[in-house]
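Okay, here's what each chain looks like letter by letter:
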Amino acid sequence: MKITVVGSGYVGLVSGTCLAEVGNDVLCLDVDPEKIRILQEGGIPIYEPGLQDMVRRNVAAGRLHFTTDVEKAVQHGTIQFIAVGTPPDEDGSADLQYVLAAARNIGRLMTDYKVVVDKSTVPVGTGAKVKAAIADELRQRGIDIPYSVVSNPEFLKEGAAVDDFMRPDRIVVGAEEEQAIHLMRALYAPFQRNHERLIVTDVKSAELIKYAANAMLATRISFMNELANLSEVLGADIEMVRQGIGADPRIGYHFLYPGCGYGGSCFPKDVKALIRTAKDDASIELKVLTAVEAANDAQKHVLTQKIGKRFGDLKGKHFALWGLSFKPNTDDMREAPSRELIADLFAAGATVTAYDPVAMHETQRIYGDEPRLSYADSPMAALEGADALVIATEWKEFRSPDFDTIKQKLKQPLIFDGRNLYDPKFVRSLGIEYFAIGR
């Protein structure tokens, strides 16, 4: 199949590359010439395990191409994926200007039947707006060309996106026209040889499924964070509570890990957008999700509160920070809890030396020449001269450190663990003061 992917960011690049991997002829479009230059030279503008090798392999095989030429992109693919950004507006709603601009370009330049697929996370009702935008462009041209609009939300976890696309647990296709459904089934057939994973719905239901999934996961995280805070006060251990409730098959163990808050490009944005959609389009207040968002905002300051309670005045204090990205296996700093932590420490007069396996370049881009923030080239180097170690991301390389070296390098043996990486009894038995979440 000939496929065009509009937007070569995270979702677009992963989707386009994986579709090329199974033999399709894929052209990825982006308006950013620098991004396209990087891709054409064999690099990738994001960090995602396994993606760069797959991009290079498919470019070399002639199945994956990159362009800034909009007309070429519209002419190329029978299936046109729209995978552009939908950043939150000031009121929290999703900004659809890039989605609708992509749709208008397709309507302005198409010459034959197209299946236009919304891959971006978009509010319920966007499919109708995309359909109307294309129809308007065709009307202005005075021609009638058939087309279909499909919702096909992505369920990619950053850090495991390639595997998620190649081995999906479900493929949601929201469509009304049989021809579009037939083409989408054919497109995804290579990804479901073991058993049927494709769920066909109407367009609006498909749009809501994506928001509902992320909102549910965010709810579990905020619920566990609140239980962890309660456990701490009551003298219970949240890890034992987690095991006890996770053993119930109706609940399960996934997304029951408390910590210092969720972040990233999806959960915060999608929770906000769903709250806004309910309010603006249905005059409904989503009370549970409003509480989920408030609980998460508060949780991002829990570590600083623990640090402040232990030290009192933080002016002149210096902290080692392990982990900057919002979660492991990505360099994504969007809404990362580390950013709130750093801001809190700066506001209190403290300084920070940070280490992250992949996100330091992105952090330097965000903070520039901030004099209160320095960087170390290893976890242990970050500890030099620090009053305490603070952990904000659960990278694997932090899971089994040399605690004797930690004790030697810190001014005092003191760890604030925002991801509950260690067994409190063990760490404390080594003479280290250890503060975790709900333990």
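Before any of the text, the structure's been laid out above.
Residues numbered from 1 in each chain as written. Predicted model: local features only at pLDDT ≥ 70, side-chain atom pairs only at ≥ 80, totals over all residues. Heavy atoms only, no water.

Here we come to helix 12 (residues 287–299). With 13 residues, helix 12 ought to run about 18 Å at 1.5 Å a step, and its terminal C-alpha atoms sit 18 Å apart, in line with that. Within the sequence span of helix 12, burial applies to Leu-289, Val-292, Glu-293, Ala-295, Asn-296 and Gln-299. Around the axis of helix 12, the buried residues are gathered within 165 degrees of arc, so they sit on the same side. Taken together, the buried residues of helix 12 touch helix 9 (203–234), helix 11 (267–282) and helix 13 (302–311). (Helix = DSSP H or I, 4+ residues; strand = E, 2+ residues; numbered from the N terminus. Expected span 1.5 Å × (residues − 1). Buried < 20%, exposed > 50% of the residue type's maximum accessible area, 1.4 Å probe, protein only. Arc of directions from axis to C-beta. Contact = heavy atoms within 4.5 Å.)

Turning our eyes to something else, we now look at helix 2 (residues 33–40). If you check which residues of helix 2 are buried, you get Lys-35, Ile-36 and Leu-39. Buried residues of helix 2, seen end-on, are gathered within an arc of 95 degrees and therefore sit on one face of the element. In this structure, the buried side of helix 2 is in contact with helix 1 (10–21), strand 2 (25–29) and strand 3 (64–67). Gly-42 sits one or two residues past helix 2 and shows a positive phi near 95 degrees.

Take Asp-237: it is sitting in the loop between helix 9 and helix 10 (238–246). Here Arg-439 takes part through its side chain, which lies 3.0 Å from a polar atom of the side chain of Asp-237. Non-local contacts of Asp-237, meaning those with residues more than four positions away in its chain, are made with Gly-438 and Arg-439. (Polar contact = N/O pair within 3.5 Å; in protein donor to acceptor, adjacent residues only side chain to side chain.)

So, on to the sheet that holds strand 9 (residues 318–322). One open sheet accounts for six strands, arranged 11-10-9-12-13-14; its pairing is parallel. Looking at strand neighbours, the two that pair on one side only are strand 11 (373–375) and strand 14 (433–435), the edges of this open sheet. Neighbour-to-neighbour, the strand axes of this sheet turn through a mean angle of 20 degrees, independent of strand direction. Here three bridges tie strand 12 (residues 388–391) to strand 13 (residues 414–417), and the two strands are oriented parallel to one another. What sits directly across from Val-390, in strand 13, is Phe-416. Where helix 13 meets the sheet, it contacts strand 9, strand 12, strand 13 and strand 14, and its direction lies at approximately 155 degrees from that of strand 13. Helix 15 (residues 360–367) rests against strand 10 (351–355) and strand 11 of the sheet, and its axis sits at about 155 degrees to strand 11. (Pairing = 2+ DSSP bridges. Axes fitted to C-alpha atoms, helices over the stretch in contact; angles between N-to-C directions.)

The next point concerns the pattern of salt bridges. Close approach of charged atoms allows side chains with opposite charge to pair. Evaluation of the coordinates by the stated rule reveals 29 salt bridges. Among the salt bridges present, the one from Asp-30 reaches Lys-35, with a minimum N-O distance of 3.5 Å. Salt-bridge contacts for Arg-310 lead to Glu-433; the nearest nitrogen and oxygen are separated by 2.8 Å. Of the two residues, Arg-310 sits in helix 13 while Glu-433 sits in strand 14, which places them 123 residues apart along the sequence. On the accessibility criterion, Arg-310 (28% relative accessible area) is partly exposed. (Salt bridge = Lys/Arg side-chain N within 4 Å of Asp/Glu carboxyl O.)

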